[in-house]
Amino acid sequence: MENTEHLHCLIIGSGPAGYSAAIYAARADLKPVMITGMQPGGQLTTTTEVENYPGYPNGTQGPEMMEDFRKQAERLGTEIRFGYVTSVDFSARPHKVIVDESKTITADSIIIATGASAKWLGLPSEEKYNGFGVSACAVCDGFFFKGQDVAIVGAGDTAAEEATYLAKLCNKVYMIVRRDEFRASKAMVHRVLNTPNIEIIYNSETKEIMGDGKTVNGVKISNKNTQEERILDITGFFVAIGHTPNTAVFKDSLDLDESGYILTIPGSTRTKVAGVFAAGDVQDKIYRQAVTSAGSGCMAALDAERYLAAANDIA
Ligand code: NDP
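Residues numbered from 1 in each chain as written. Predicted model: local features only at pLDDT ≥ 70, side-chain atom pairs only at ≥ 80, totals over all residues. Heavy atoms only, no water.

### Quick look at the overall build of the chain
Phase 1 of the analysis: When helices and strands are counted, the chain shows seven helices and 19 strands.
Phase 2 of the analysis: By its C-alpha atoms, the chain is 70 × 40 × 35 Å across when sized along the principal axes.
Phase 3 of the analysis: Going through the 315 residues of the chain one by one, you find that 49% of them count as buried.
Phase 4 of the analysis: Taking all contacts inside the chain whose residues are at least 6 apart in sequence as the whole, residues at least 24 apart take part in 59%.
Phase 5 of the analysis: Accessible surface computed for the chain: about 15600 Å², of which carbon and sulfur atoms make up 50%.
Phase 6 of the analysis: Between the averaged position of the 30 positive side-chain charges in the chain and that of its 39 negative side-chain charges there is a distance of 3 Å. (Helix = DSSP H or I, 4+ residues; strand = E, 2+ residues; numbered from the N terminus. Buried < 20%, exposed > 50% of the residue type's maximum accessible area, 1.4 Å probe, protein only. Contact = heavy atoms within 4.5 Å. Areas by Shrake-Rupley, 256 points an atom, 1.4 Å probe, with all protein chains shown as cover. Lys, Arg positive; Asp, Glu negative; His and termini not counted. Charge placed at Lys NZ, Arg CZ, Asp CG, Glu CD.)

### A look at the nonpolar core
Phase 1 of the analysis: With 28 residues, the main nonpolar core has Ile-11, Tyr-53, Met-65 and Ile-111 as its most contacted residues.
Phase 2 of the analysis: Listing elements by their share of this core, those giving two or more residues are β1 (4-12), α1 (16-27), α2 (62-75) and α7 (290-314).
Phase 3 of the analysis: Considering every element that reaches this core, the biggest residue donor is α7, with seven residues.
Phase 4 of the analysis: Ignoring anything within four residues of it in the chain, the contact list for Ile-11 reads Gly-18, Ala-21, Ala-22, Pro-32, Val-33, Met-34, Ile-35 and Ile-111.
Phase 5 of the analysis: In this structure, Phe-145, Val-150, Ile-152 and Leu-166 belong to the second largest nonpolar core, which totals 22 residues. (Core = buried A, V, L, I, M, F, W, Y, C linked by side-chain atoms within 4.5 Å.)

### A few points about a nonpolar patch on the surface
Phase 1 of the analysis: Taken together, the side chains of Met-38, Phe-82 and Tyr-84 present a nonpolar region at the surface, about 380 Å² in accessible area.
Phase 2 of the analysis: Locating Met-38 in the fold gives a position in the loop between β2 (32-35) and β3 (49-50). (Patch = residues over 30% accessible without salt bridge, like charges linked within 9 Å, V, L, I, M, F, W, Y side chains within 5 Å. Salt bridge = Lys/Arg side-chain N within 4 Å of Asp/Glu carboxyl O.)

### Remarks on the domain arrangement of the chain
Phase 1 of the analysis: Domain boundaries in the chain define domain 1 (4-117 + 244-314) and domain 2 (120-239).
Phase 2 of the analysis: Its C-alpha centre places domain 1 at a distance of 32 Å from the equivalent point of domain 2.
Phase 3 of the analysis: With seven residues of domain 1 at the interface, the matching set in domain 2 holds 10 residues.
Phase 4 of the analysis: Counting across the interface, domain 1 meets domain 2 through zero salt bridges.
Phase 5 of the analysis: Between the two partners, domain 1 and domain 2, sit one residue pair in polar contact (both at pLDDT 80 or more).
Phase 6 of the analysis: Tallied by class, the residues present in the side of domain 1 that touches domain 2 amount to no nonpolar, four polar and three charged. (Domains from an automatic or database assignment. Polar contact = N/O pair within 3.5 Å; in protein donor to acceptor, adjacent residues only side chain to side chain. Nonpolar A, V, L, I, M, F, W, Y, C, P; charged D, E, K, R; others polar.)

### Some thoughts on the sheet that holds strand β13 (residues 198-201)
Phase 1 of the analysis: Strands sit in the order β10-β17-β11-β12-β13 across an open sheet of five strands; the sheet is parallel. Of all strands in the sheet, those with a lone pairing partner are β10 (134-135) and β13, marking the two edges. (Pairing = 2+ DSSP bridges.)

Pasting the structure below:
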């Protein structure tokens, strides 16, 4: 058929997991082809400074780092194509993937590295200062607010963990909670309540992130019961209200957990479908770091290589 192509190794997604898988797959002569998704480079292309990725002694910029990943994957022989996977059929081999609703690809092995997207409050001021005082990752960006006052919104395990992380670095952490209770586990709430420089502000919603046009200098919040408004003097604003894994297209083909993350066989990147692997944030709601994503991308390529070698032995 004219618009159908068969590949040895298809990689879906172009964040640290996808590119690392590509680097390993290319060097193993799997001739990988990568479909980038709508945001080539993934979440890191929306960040500014990255200081915690090993190998960059002076830090780097997120978009530049992803350019480096891309160049390395391409130099080693990965073919990179802009496109979006619109449906899949893993019911028979070779597994089938439709790109941009029109092109059919069949592949001997597929590595899914489509990542997750941080949820945002949806305020224009949040978008305006994103990367300039507003962040969805305390572990990535907390360091830039050392000794300063910051706020974090959210009340789940991520928010609780990030608030205590920030409390170690920052002078003061305001925790903005929309209800009168946490969603986080008891142990995490206990830790937050026992951290003296975290102030919890219950029943409150964020109205506006304030700044001088370049950096953040405050946040306006409002009490949901009394409508009373208050301005907190802060320089950093962290959003920790959850992530959405980019798995809609796989929901009928793979096992997902209750939050939509792809379930892999523990200690591997294998999914329930032989020949289909998942790496990076799409299967990890705990660590979510560029370096852990890259590590699992490497694992996925090694798992794919072993799977293909075994399939070849049988054939
Ligand atoms: P969750 O969905 O568990 O929590 C999101 C939190 O954000 C909730 O408290 C929610 O409030 C709040 N929220 C959502 N939207 C808004 C909004 N518009 N304004 C204000 N607040 C909002 O996400 P997490 O990322 O915290 O956790 C995801 C999963 O990962 C969970 O299963 C969690 O247990 C797990 N996890 C485990 C960790 C660990 O074991 N170390 C670490 C991190 C996460 P409300 O409660 O009112 O709905």
